[in-house]
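# A structural walkthrough
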Amino acid sequence: MIALYYLPSPNGRKVSIALEEMGLAYQIRPVNIFENEAKTPEYLEICPNGRIPALVVEPEAGEVIKIFESGAILQYLGRISGQFYPTACEAKRAWVDAWVFWQMSALGPMSGQLTWFKRAAKKPGRDQAETSLAIHRYTKETKRLYGVLEHQLQGRDFICDEYSIADMACWPWVEQYGSYVGDLANFPAVYAWHARVAARPAVRRAMKLGVDQIKVPAEFTD
Ligand SMILES: N[C@@H](CCC(=O)N[C@@H](CS)C(=O)NCC(=O)O)C(=O)O
């Protein structure tokens, strides 16, 4: 059985999309990060980093598998399902890995920091010069990254030609593009890809998962 420690957030949704797309049986274990549930000693045994998502797999025989970091989880699910992660061609797999790592190291963290500083700027008592410099920096970098994605998607339906875990990694972050880049007028290929992925039945199912169990507050910063 696969247990997904989860919150309906971009990083959580990468994994719920993958599980739905791959047709794997799983259960969700909601983790309310706003109630510090990702910092309990029990949860830190699963995810030492105190973040969601995490996966625990209890096979019928053999060792329990624990995984944290959404990129590592996507690669694992791709390996065990044999889907959305090329197996036969090393060049194709390496390219998918490169885009997953790009999301993990660039698109996700830059967009996440941008959101954090935008919300922080609204809090009374914050240093406005400090937050506006940070917002400037992360807005510029996030737009640059949308440009990278735009270039890659021109003439392609999906990031690595065929739909893969690279799309599953990137899409939940781009799903909230309004908060990051305003609109996608300058990124037409990203816009078309966004709609293409959003229309997938598995993505629609995944987007509904857990929304009634955990309410993500409008205002959360630190
Ligand atoms: N690199 C991690 C990032 C995970 C992450 O930042 N998760 C957020 C929710 S989207 C979280 O758990 N935040 C809790 C906190 O900041 O205390 C991954 O991709 O799994």
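Everything in this summary refers to the structure shown in the same document. (Residues numbered from 1 in each chain as written. Predicted model: local features only at pLDDT ≥ 70, side-chain atom pairs only at ≥ 80, totals over all residues. Heavy atoms only, no water.)

### Focus: the overall build of the protein
When helices and strands are counted, the protein shows 9 helices and 4 strands. Computed over the C-alpha atoms, the radius of gyration of the protein is 18 Å, within 12% of the 17 Å expected from 2.2 N^0.38 for a compact globule of 222 residues. Considering only C-alpha atoms, the protein reaches an extent of 55 × 45 × 30 Å along its principal axes. Out of the 222 residues in the protein, the part that is buried amounts to 48%. Taking the intrachain contacts of the protein between residues at least 6 apart in sequence as the baseline, contacts between residues at least 24 apart amount to 67%. Per element, the accessible surface of the protein, about 11,400 Å² overall, is 53% carbon and sulfur. Of the side-chain charges in the protein, 25 are positive and 25 negative, and the distance between the mean point of each set is 5 Å. (Helix = DSSP H or I, 4+ residues; strand = E, 2+ residues; numbered from the N terminus. Rg over C-alpha atoms; globule rule 2.2 N^0.38 Å. Buried < 20%, exposed > 50% of the residue type's maximum accessible area, 1.4 Å probe, protein only. Contact = heavy atoms within 4.5 Å. Areas by Shrake-Rupley, 256 points an atom, 1.4 Å probe, with all protein chains shown as cover. Lys, Arg positive; Asp, Glu negative; His and termini not counted. Charge placed at Lys NZ, Arg CZ, Asp CG, Glu CD.)

### Examining the site of the ligand
The full set of residues close to the ligand is Ser9, Asn11, Lys14, Ile33, Lys39, Arg51, Ile52, Pro53, Glu69, Ser70 and Met104. Contacts to the ligand include lysine 39, whose side-chain N or O atom sits 2.8 Å from an oxygen atom. Between the ligand and the protein, one listed contact pairs an oxygen atom with a backbone N or O atom of isoleucine 52 at 2.8 Å. Across the shell around the ligand, the residue classes tally to 4 nonpolar, 3 polar and 4 charged. (Near = heavy atom within 4 Å. Polar contact = N/O pair within 3.5 Å; in protein donor to acceptor, adjacent residues only side chain to side chain. Nonpolar A, V, L, I, M, F, W, Y, C, P; charged D, E, K, R; others polar.)

### Describing the packing of helix H3 (residues 70–81) against helix H4 (residues 90–121)
For the pair H3 and H4, interaxial distance at closest approach is 9 Å and the crossing angle is 155 degrees. As the angle between them shows, H3 and H4 are arranged roughly antiparallel. The crossing of H3 and H4 is right-handed. In this structure, H3 uses Ser70, Gly71, Gln75 and Arg79 to contact H4, whose residues at the interface are Arg93, Asp97, Val100, Phe101 and Met104. Partitioning the contact of H3 with H4 into residue classes produces 3 nonpolar, 3 polar and 3 charged. (Axes fitted to C-alpha atoms, helices over the stretch in contact; angles between N-to-C directions. Parallel < 35°, antiparallel > 145°, perpendicular 65-115°, else oblique. Left-handed = near helix turned anticlockwise from the far one by under 90°.)

### With respect to the pattern of salt bridges
Tallied over the entire structure, the rule returns 6 salt bridges. A salt bridge links glutamate 162 to lysine 92, with the shortest nitrogen-to-oxygen separation between them at 4.0 Å. Here the residue glutamate 162 occupies a position in the loop between helix H5 (128–153) and helix H6 (165–174), and lysine 92 occupies one in helix H4, the gap between them amounting to 70 residues. Look at lysine 92 and you get partly exposed, because its relative accessible area is 46%. (Salt bridge = Lys/Arg side-chain N within 4 Å of Asp/Glu carboxyl O.)

### Observations concerning the packing of aromatic side chains
Here the structure, examined in full by the defined rule, presents 9 aromatic pairs. Note on phenylalanine 84 and tyrosine 163: the rings are 5.5 Å apart at their centroids and 80 degrees apart in plane angle, and the pair reads as edge-to-face. With phenylalanine 84 in the loop between H3 and H4 and tyrosine 163 in the loop between H5 and H6, the pair connects residues that are 79 residues apart, well separated along the chain. Its relative accessible area of 9% is what places tyrosine 163 among the buried residues. Put simply, the rings of Phe84, Phe158 and Tyr163 touch in pairs and so form one group of aromatic residues. Looking at arginine 93, its charged tip hangs above the ring of tyrosine 85, at a distance of 4.2 Å from the centre. In this structure, arginine 200 packs its charged tip against the face of tyrosine 163, placed 3.7 Å from the ring centre. (Phe/Tyr/Trp six-rings, centres within 6.5 Å; stacked < 30°, edge-to-face > 60°. Lys NZ or Arg CZ within 6 Å of the ring centre and 35° of its normal.)

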